[in-house]
Amino acid sequence: MFKKILIANRGEIAVRVIRACREMGITSVAVFSDADRASLHVLKADEAHLIGPAAATESYLNFGKILDVAKRSGAEAIHPGYGFLSENAKFAQACADAGVKFIGPSSAAMDAMGSKTRARQAMEKAGIPFVPGTSRGLDSVEQAVQVAERISYPVMLKAAAGGGGKGMRLVHRREDLAAALDAAKSEARRAFGDDEVYIEKAIVNPRHIEMQILADEKGHTVYLGERECSIQRRHQKVLEESPSVIVDADMRRRMGEVAVRVAKAAGYTNAGTVEFLVDQEKNFYFLEMNTRLQVEHPVTELVTGLDLVHLQIRIAAGESLPFRQEDIAIRGHAIECRIYAEDPEQNFFPSPGKITLLTVPSGPGIREDSGMYEGWTVPLDYDPLLAKLICYGSDRTQVIGRLVRAMNEYFVGGIKTNISLFQRILRDPEFAAGKIDTGYLDRLLKSGVPAAERGDAGIAAIAAGLFEILDAQTTESSRPAPAASGWKWMARAEALRDGDL
Ligand code: MV4
C-alpha cells in the first residue's frame, strides 16, 4: 500500500481525497497555486507545495511541476481528482514513465475512450447499442445526407474530439444539413484542433443516466448502480441522484452489464462511468465513457455503502475488488446538489468574493463535501463549485423533504450562491413526480416564478418585513430587538420578492 499520495487537484475533491488518505493512514501531499494559498485542501493536507501562479496551465495542468513535487516529496502515487489532468492520457503516461502510479485507468484505456468515434468503433466491435449513426467522421455532405435519410431527422452532428455539448449541432431538415456540417467542423477545428464530425439520430428530450463501474487490475469488473444526471444547465450538472426513478432492477442489470462490457472492451481499470442517453421508451444508448472519478460519486457511495476513493487507491495499489457483483445492493435514495458561487439573478454569473458568514446544514442523512470555510475568499480563477450537499434517506420523498430542510439551514454570507435554485427545484411538482429529462432545468428557469407563489401572503410578508425594519430603525432605543433582526427580514423580503421562499 502507498505511504504517500499527491493530490493533483484543488477544491472540494482535493479535500475529499485528502480525507480518504487520512482514513487509510496515507500521508497526503497537496499542490496549490498562488490563488489557493489559503484554500482548504492546503490547510488539510499533511504537506503542501506551491507550484505556480493562478493560471491552470502554470499550475494544476503543469505535468512537469506536479511530477517534480511527486519526486521531491517521495509520493508513490498521484490522484488526479476530476477535471484538470484526470482524463489526460499523456499525463497518465508521464506518471508511468516517472514510476509514479496514476490512480485511474491506463493511458491506453483513456485513449480508447477519449475520442467519441474511437469509443463508438470499440462499442460496434463489442456489439454494444449506441445511438444510430456513423462511428467514423463524415467525409462529405453527400454522406451526411445519405445517413440522415437512413436514421431520419432530427439528427445530431458531433465533434469526435468534443464533449459536454461543444461542437454539437441539432439539425431538423435536409436543407439545413450542409451549413450545419460546415459550422460543426469549423467549431471543432477551432475548439479541439480536430475537425472530425460524425452524425447520430437525435434522441428527443433524453434522460442522461450514467452507470458507475469499478474494475481492479486482475480482470474483475462490477457496476455499482446508476445516477440520474438529467438536471443540467448549459451541459453543467446541477443536481444528481441515485437510483433513477425510471430504472427498475431489470433495466439496472441490463445497463450495468452493458457498462461492464464497455469497460472490458476498453481494458478499463479503476473507477469509471459509462454515460447513456435514455429515450421516452426507456431504450438506452451508449453515449461516452468518463475515465475519471466524477463530481457526483457521493450519491453512489451513499446508496451502496462503498467508499469509491478508498477503492480507487486500493485498486491502484494492486488489490483485488473485495466483493463480487452479487454482493452489491442498492438501498435507499441519495440526491446531490452542487453549491456554486453563482448569482441566479445575474444569469448564474460567477460570484467570487469573501465568505463572511457560513452556516452549514447537518443532522440525519446530511453529507457536505466542501472546499470552503468562513473567512475564505473564493478565487475567480477556477470553476466556482464551492461544495456538494448530498442527502440520503430511505426513499426519494424523504430525501426531498430532508434537502428542503437542509437548504433552509444553509447560509453562505458575502457572496451569491445558487442555493435558492434548489429551493425552487425541490418544491417543483414536476421534479417531485420524477418527470425530468435534459430539458427540465431550462423549462423551469424559463417558467419564472409562477405568480401564484407570490400571492397576497407574499406581498403582506414583504410589507411586514419592511415595516419591521423601518420601525426598528426609528425607535431603536425604546424597543426590544425584533424576533428576526433587520437583515433576516430584508433577506426574507428579498427572497419572497424573488419567489425563493
Ligand atoms: C445527444 C442528445 C440527443 N441525441 N445525442 C450533450 C453533451 C454530450 N454529453 C451529449 N449530449 C447530447 N447528445 C443525441 N444523438 C442530447 C444531448 C444533450 C444532453 C445529453 C446529456 C445531458 C445533457 C444534455 C443536454 C443537451 C443535449
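Residues numbered from 1 in each chain as written. Predicted model: local features only at pLDDT ≥ 70, side-chain atom pairs only at ≥ 80, totals over all residues. Heavy atoms only, no water.

Chemist: I keep staring at the packing of helix α7 (residues 141-151) against helix α8 (residues 177-192) and nothing clicks. Help me out?
Modeler: Helix packing geometry: the angle between the two helix axes and the distance between the axes. Look at α7 against α8: their axes get within 10 Å of each other, and the N-to-C directions meet at 120 degrees. By the angle class used here, α7 and α8 are oblique. Considering the relative orientation of α7 and α8, their crossing is right-handed. The residues of α8 that touch α7, namely those facing V141, A144, V145 and A148, are L177, A178 and L181. Split into classes, the residues belonging to the contact of α7 with α8 amount to 7 nonpolar, no polar and no charged. (Axes fitted to C-alpha atoms, helices over the stretch in contact; angles between N-to-C directions. Helix = DSSP H or I, 4+ residues; strand = E, 2+ residues; numbered from the N terminus. Parallel < 35°, antiparallel > 145°, perpendicular 65-115°, else oblique. Left-handed = near helix turned anticlockwise from the far one by under 90°. Contact = heavy atoms within 4.5 Å. Nonpolar A, V, L, I, M, F, W, Y, C, P; charged D, E, K, R; others polar.)

Chemist: Explain the pairing of strand β21 (residues 385-393) to me, please; I cannot follow it from the model alone.
Modeler: On any regular strand, side chains alternate: one points to one face of the sheet, the next to the other face. Of all 9 residues making up β21, 8 are buried, and the element is well covered by its neighbours. Note that strand β14 (residues 333-340) and β21 share 8 bridges and pair antiparallel. Pairing of R338 across the sheet is with K388, part of β21. (Buried < 20%, exposed > 50% of the residue type's maximum accessible area, 1.4 Å probe, protein only. Pairing = 2+ DSSP bridges.)

Chemist: Could you clarify how one ought to interpret the site of the ligand in this entry?
Modeler: What surrounds the ligand is a group of 18 residues, the closest being K158, E200, K201, I203 and Q232. Within the backbone of I203, a nitrogen or oxygen atom sits 2.8 Å from a nitrogen atom of the ligand. In isolation the ligand offers 510 Å² of accessible surface; the protein chains occlude 89% of this area. Of all the secondary-structure elements, those providing two or more residues to the shell around the ligand are β6 (155-159), β8 (197-201) and β13 (284-290). Of the residues that constitute the shell around the ligand, the class distribution is 8 nonpolar, 6 polar and 4 charged. Counting the residues that make up the shell around the ligand, at least three belong to each of domain 2 (132-201) and domain 3 (207-446). (Near = heavy atom within 4 Å. Polar contact = N/O pair within 3.5 Å; in protein donor to acceptor, adjacent residues only side chain to side chain. Areas by Shrake-Rupley, 256 points an atom, 1.4 Å probe, with all protein chains shown as cover. Domains from an automatic or database assignment.)

Chemist: Would you take a moment to explain empty space enclosed by the protein for this structure?
Modeler: Any empty space left between atoms is shown by rolling a water-sized probe over those atoms. Overall, the coordinates contain 3 cavities of 30 Å³ or more when judged by the stated rule. Here the largest cavity is characterised by a volume of approximately 90 Å³. Taken together, R10, G11, E12, G371, W376, V378, P379, Y382, D383, P384, L385 and L386 make up the lining of the largest cavity. Of all the secondary structure elements, the ones that give two or more residues to the lining of the largest cavity are α1 (11-23) and β21. When the residues that make up the lining of the largest cavity are grouped by side-chain class, the tally is 7 nonpolar, 2 polar and 3 charged. Residue contributions to the lining of the largest cavity reach at least three from each of two domains, namely domain 1 (4-103) and domain 3 (207-446). (1 Å grid on protein atoms, 1.4 Å probe; cavity = no way out; pocket = protein on both sides within 12 Å on 5 of 7 lines; lining within 4 Å. Points joined across faces, edges and corners; volume = space filled by probe spheres on them.)

Chemist: For this particular structure, what's the right way to read α1?
Modeler: Since the α-helix turns once every 3.6 residues, residues separated by three or four places project in the same direction. A rise of 1.5 Å per residue sets the reference length of α1, with its 13 residues, at 18 Å; its end C-alpha atoms lie 19 Å apart and thus fit the reference within 8%. Taken residue by residue, α1 has G11, E12, I13, A14, V15, R16, V17, I18, A20 and C21 as its buried positions. Where α1 ends, the next residue or the one after it, G25, has phi of about 75 degrees, a positive value. (Expected span 1.5 Å × (residues − 1).)

Chemist: Is there a simple way to explain the sheet that holds strand β2 (residues 27-33) in this structure?
Modeler: Across a sheet, strands are paired by hydrogen bonds formed along the backbone, either parallel or antiparallel in direction. If you trace the 5 strands from one edge of the open sheet to the other, you get β3-β2-β1-β4-β5, paired in parallel fashion. Either end of the sheet is taken by a strand with one partner, and the two such strands are β3 (47-52) and β5 (101-102). Bridge count between strand β1 (residues 4-7) and strand β4 (residues 77-79): 3 bridges; the pairing is parallel. Paired with L6 across the bridge in β4 is I78. Relative to the sheet, helix α3 (residues 63-73) contacts β1, β2, β3 and β4, its axis offset from that of β3 by approximately 150 degrees.

Chemist: What is the right way to read the packing of aromatic side chains from this model?
Modeler: The description of two aromatic rings rests on the distance between their centres and on the angle between their planes. Overall, the coordinates contain 7 aromatic pairs when judged by the stated rule. Ring plane angle 80 degrees and centroid distance 5.6 Å describe the contact between Y60 and Y382, whose orientation is recorded as edge-to-face. Residue Y60 is found in the loop between β3 and α3, and its partner Y382 is found in the loop between β20 (377-378) and β21; the two are separated by 322 residues along the sequence. One aromatic cluster is present, built from ring pairs that chain together Y60, F84 and Y382. (Phe/Tyr/Trp six-rings, centres within 6.5 Å; stacked < 30°, edge-to-face > 60°.)

Chemist: Before we go on, may I ask you to explain the nonpolar core in this structure?
Modeler: A general trend in soluble globular proteins is that nonpolar side chains are found buried together. Among the nonpolar cores identified, the biggest contains 36 residues, and M407, I425 and F431 are the most heavily contacted of them. Once residues lying within four places of it in the same chain are set aside, the contact partners of M407 are C337, I339, L389, I419, F422, Q423 and L426. (Core = buried A, V, L, I, M, F, W, Y, C linked by side-chain atoms within 4.5 Å.)

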